Amino acid sequence: MSLAGRSAQELFSLVEQGDVSSVEIATDHLDAIEAHDGQVGAFLHVDREEVLKQATAVDEKRASGQPIGKLAGLPVAVKDLLCTQGVPTTCASKMLENFVPPYDAHVIERLKAEDAVILGKTNMDEFAMGSSTENSAFKRTCNPWNLAHTPGGSSGGAAAAVAANMAPLSIGSDTGGSIRQPASYCGVLGMKPTYGRVSRYGLVAFASSLDQIGPLSNDAFGTALLLEAIAGHDRRDSTSVNEPVPNYSQTVNEPLSGLKIGIAKEHFVEGLDSEVEAAVKTAIDVYKSLGAEICEIELPHTKYAVATYYLIAPSEASSNLARYDGVHYGRRAENFDNMVDMYAASRGEGFGSEVKRRIMLGTYALSAGYYDAFYLKALKVRRLIREDFDAAFEKVDIVAGPVCPNPAFELGALVDDPLAMYLTDIYTIGGNLAGIPGISVPAGCSEAGLPIGLQLLAPPMAEERLLRATAMFERETDWHTQRVSFGN
Amino acid sequence: MGYTTVIGLEVHVQLLTNSKLFCGCVNRFNPDEPNSQTCPVCLGLPGALPVMNEHAFKLGVKTALGLSCNIPSFTKWDRKQYYYPDLPKAYQISQYDLPFSEDGVFEIETNSETGETKKIGIIRAHLEEDAGKNIHDEKGRGNDSQVDLNRCGTPLVEIVTQPDLRSAKDAHIFLEELRTMLTYLEVSDCNMQEGSLRCDANINLHVETDDGHVIATPIIEIKNMNSFRAVEIALEYEEKRQYEVWKKTGNTLEGSSKQTRGWDANREITFAQREKEDVSDYRYLPDPDLVPVIVEEEFVQSIRDEMCELPADRRKRLQAMYQLSNYDIGVVINQGPEFANYFETVAKGCGDGKQATNWVTQDILREMNERSVGINEFPIKPPVLAALLTKIVAKEISVTSAREIFNTLLTDAAGGDMPIIEHIDEIIKEKGLAMVSDTGQLDGVIETILANNQKIADDFRGGKQGAIGPLIGQVMKEVKGADPKTVRQMIIEKLSS
């Protein structure tokens, strides 16, 4: 039986006990990619030989008796916006189609240091801007549960790769929900850690004050293990938090006692799909049955989250993406009249329409005379949203609710309605604005056979609590064990 | 109708750090190997992040303290956004509304004769990163522009003055004294040729009309001035040009946009570059990649504690100690801290400030220039010079003899024999330079010389005072260490009796 589709916990144990080699695991996952990625489209770049070389090196290292990393031999897929030395890093943009970074992102260094096998680079919305992965300049990614539906975004490839049994672990990034929303749509686990928990060094920036790298996996253990490997202080990122990293993978299976779970009425408002609502309420009942106390809380500024986000994120994006001007690297237009025209033509050709839309939004919001009314005001509201959460966490340990208002929508359904697309992030954005950790846990399935996720949010640096709460839920349910089977 | 000239300066100073402001790349002027001092951070590669260089911040604070600025307890970094090929991120990390220092004052000496000073307000000093450098095809084909990013990320302090300067000369003096101070503080090498000190100037006129009104003319910013002298003549030119323009057009500050003019050093004229209003909106944004800086009072105090005496203070102190002229103390101070240290050691050592000043500002400076060496490389060290001058003060040798010893020491040094104090006595002995003021020893020599020069003696008696010069010379030739004063006195006595 193929090792592809086994849980991260199983694979970890098999490797640890020496029952399977890294090469065997890598081979089975590469075979899965070869068999199914033509349909799913999760990956932008896979180099079979290179992957097997890494796996062989890990096996040799183990055989030689050298100390071995905590991800030894486990395949990890990486969203294509983390710089990988010598391997193309495109951000799914024509702008960086031929960009090969001369350096590794901090997270890539960590993966290598822990002897992971990097499987390849996954598809995404261009520069992480989008909620369906349809903004990729290169390919469409489909939801493995129903190929006519979106895997979500922007880490659509990262979530689809795990859901399609092509990788037990993957790395995504979450600026407004870009890990949690696709994890929810694809029925896998995805965590956005506390802002600063994982170094952003080498993460191609979208909105610097919101971007955070996080793990996706098919179980709580894998999520904990991968987070443990990539978290920690890095002096190259000034916003990196200098606090020790707990051994999440060792504590993940310890249940939490006396858990207080908060339910915000703002998370159950008009627009929430009834199947999603039912699944989330059932999930909350599971916790109740485990002895958790359920309390109502208020997050009164939730209604401003989307508006706030769409001022802050595009403003920072307009600045972060200004460097793609065709001068030093990346795409340069072939025909232009002068320097200014070279900028305009290169950017005009290199960026897709959603990226252009956000650059324009941000440029406008930061313009002289508008700054105070838009960006500055958004920063103030952001503070209020953070204070909402601070107040909530005075009363409860965790806030539980839906990840998204709906299960995965059909590909193409929202392409012409950016506002509706933006609203799919309504429940995830608050976590980014507040800088707190959140996780999406598989918690149900719609009648149409599409996964539904439960979102758990916790105070800053309380990732361990989230992971332990997730494992408690996993022991009671089997949503996370459900696997896609590709008929043919 | 008269007018007052109003000038404010913006000075960019590169800080003397080992590494750049936001990355570990070496901070060194190196145009010969373009793009060799770069990394993902200063190249602005995707995913790279800045980390503040604490030493640069410290040097910035030191500079600001030298300008008597306030150092607020909170400061932050902002992105100043514009497109230019030498700016790879398309934004410069700078400081916008909350600079790390503000509201200072810098006193300059506007008249070196009278010692009259003037206080120039400092609006702010902030830190920012330098851009790279575009290198354009000299042949003018226009398609071979290249970019060197070695300079990109070099730490800069931008100092903005109040419009308190009232003449081109004032501006020149301000820059000279600023450079002197920055050199004393060792925050910058202030090398204008290498671009480590750069200056833009804003100038307009307040014209007083016949009916007593004061009208301000439009403000002009002048760029590209590559020396202090250029700043002065550009401002002089601009002052006259603005007055002529005002007489012709009557344009005033209100209703006019700020214009930028370049300085053409060859033709010595300013030329229109662009209207300020064309300048892009910089869309300043607090840099989310950097955390704000909380400046503790202890931190500022620790910098204050390790600061050297500022040149203005040193000037006052040395002047009071040694009663030096404005001119002399100016020369000593402006040569930099090492030179002033040299002077101070010599003055203290020989106990005669005037003697020390004469030697240091004339003989030493001349020899330094001839050899093109700095004071630290000069072969005669301060204790040796002090010992030599002590002998003049004690009347053990004449100034003439001291010069001869000085030159001998330099010749020896050139031959590899480093001057030490003991050599002075050896040379005195060897050349018989010990001062002779023993009248008995001189008496016979003078008698003989007078007898051989009857004509000169008669001329002197006839009222030609200057006639005895050659006689003194002859005596000195005979008796090497003779004290010229004693010789002169003895000759006069003999001829007058």
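Residues numbered from 1 in each chain as written. Chains lettered and ligands numbered in written order. Predicted model: local features only at pLDDT ≥ 70, side-chain atom pairs only at ≥ 80, totals over all residues.

**A few points about the sheet that holds strand S15 (residues 285-286) of chain B**
Residue and element names in this part refer to chain B.
Okay, so step 1: A sheet is described by the order of its strands in space; here three strands give the open sequence S4-S3-S15, paired in antiparallel fashion. The open sheet is flanked by strand S4 (91-94) and S15, the only strands paired with a single partner.
Okay, so step 2: As paired elements, strand S3 (residues 78-81) and S4 share four bridges and run antiparallel to each other. Bridge pairing in S4 links Asp 78 to Ser 94. (Pairing = 2+ DSSP bridges. Helix = DSSP H or I, 4+ residues; strand = E, 2+ residues; numbered from the N terminus.)

**Quick look at unusual backbone geometry**
Residue and element names in this part refer to chain A.
Okay, so step 1: Looking along the chain, the bond that leaves Gly 153 and enters Ser 154 is cis, with omega of 10°.
Okay, so step 2: By the secondary structure assignment, Ser 154 is in the loop between strand S3 (117-122) and helix H5 (156-163).
Okay, so step 3: Of note, Ala 92 is a non-glycine position whose phi angle comes to about 55°, a positive value.
Okay, so step 4: In this fold, Ala 92 is placed in the loop between strand S2 (75-79) and helix H4 (106-113).
Okay, so step 5: Of note in the backbone geometry, Phe 127 takes a positive phi value of approximately 55° without being a glycine.
Okay, so step 6: Position of Phe 127 among the secondary structure elements: in the loop between S3 and H5.

**Concerning the domain arrangement of chain B**
In many reports, interface size means the accessible area that the parts give up when they come together.
Residues and elements named next belong to chain B.
Okay, so step 1: Here chain B is described as being made up of domain 1 (2-299), domain 2 (309-431) and domain 3 (439-496).
Okay, so step 2: Here the C-alpha centroids of domain 1 and domain 2 sit 38 Å apart.
Okay, so step 3: Here the element with the most residues in the side of domain 1 that touches domain 2 is helix H2 (residues 168-185); it accounts for five residues.
Okay, so step 4: Of the residues assigned to the side of domain 1 that touches domain 2, the class counts are two nonpolar, five polar and three charged. (Domains from an automatic or database assignment. Nonpolar A, V, L, I, M, F, W, Y, C, P; charged D, E, K, R; others polar.)

**Considerations on the sheet that holds S3 of chain A**
All names here are of chain A.
Okay, so step 1: With mixed pairing, 11 strands are arranged side by side in an open sheet as S1-S3-S2-S4-S6-S5-S10-S11-S9-S7-S8. Every interior strand has two partners, whereas the edge strands, strand S1 (43-46) and strand S8 (293-297), have only one. Sheet twist, expressed as the average angle between the axes of neighbouring strands with direction ignored, equals 30°.
Okay, so step 2: As defined by bridge partners, strand S7 (residues 260-264) adjoins strand S9 (residues 398-402) across three bridges and the pair is classed as parallel. Bridging from a neighbouring strand, Ile 263 pairs with Ala 400 of S9. (Axes fitted to C-alpha atoms, helices over the stretch in contact; angles between N-to-C directions.)

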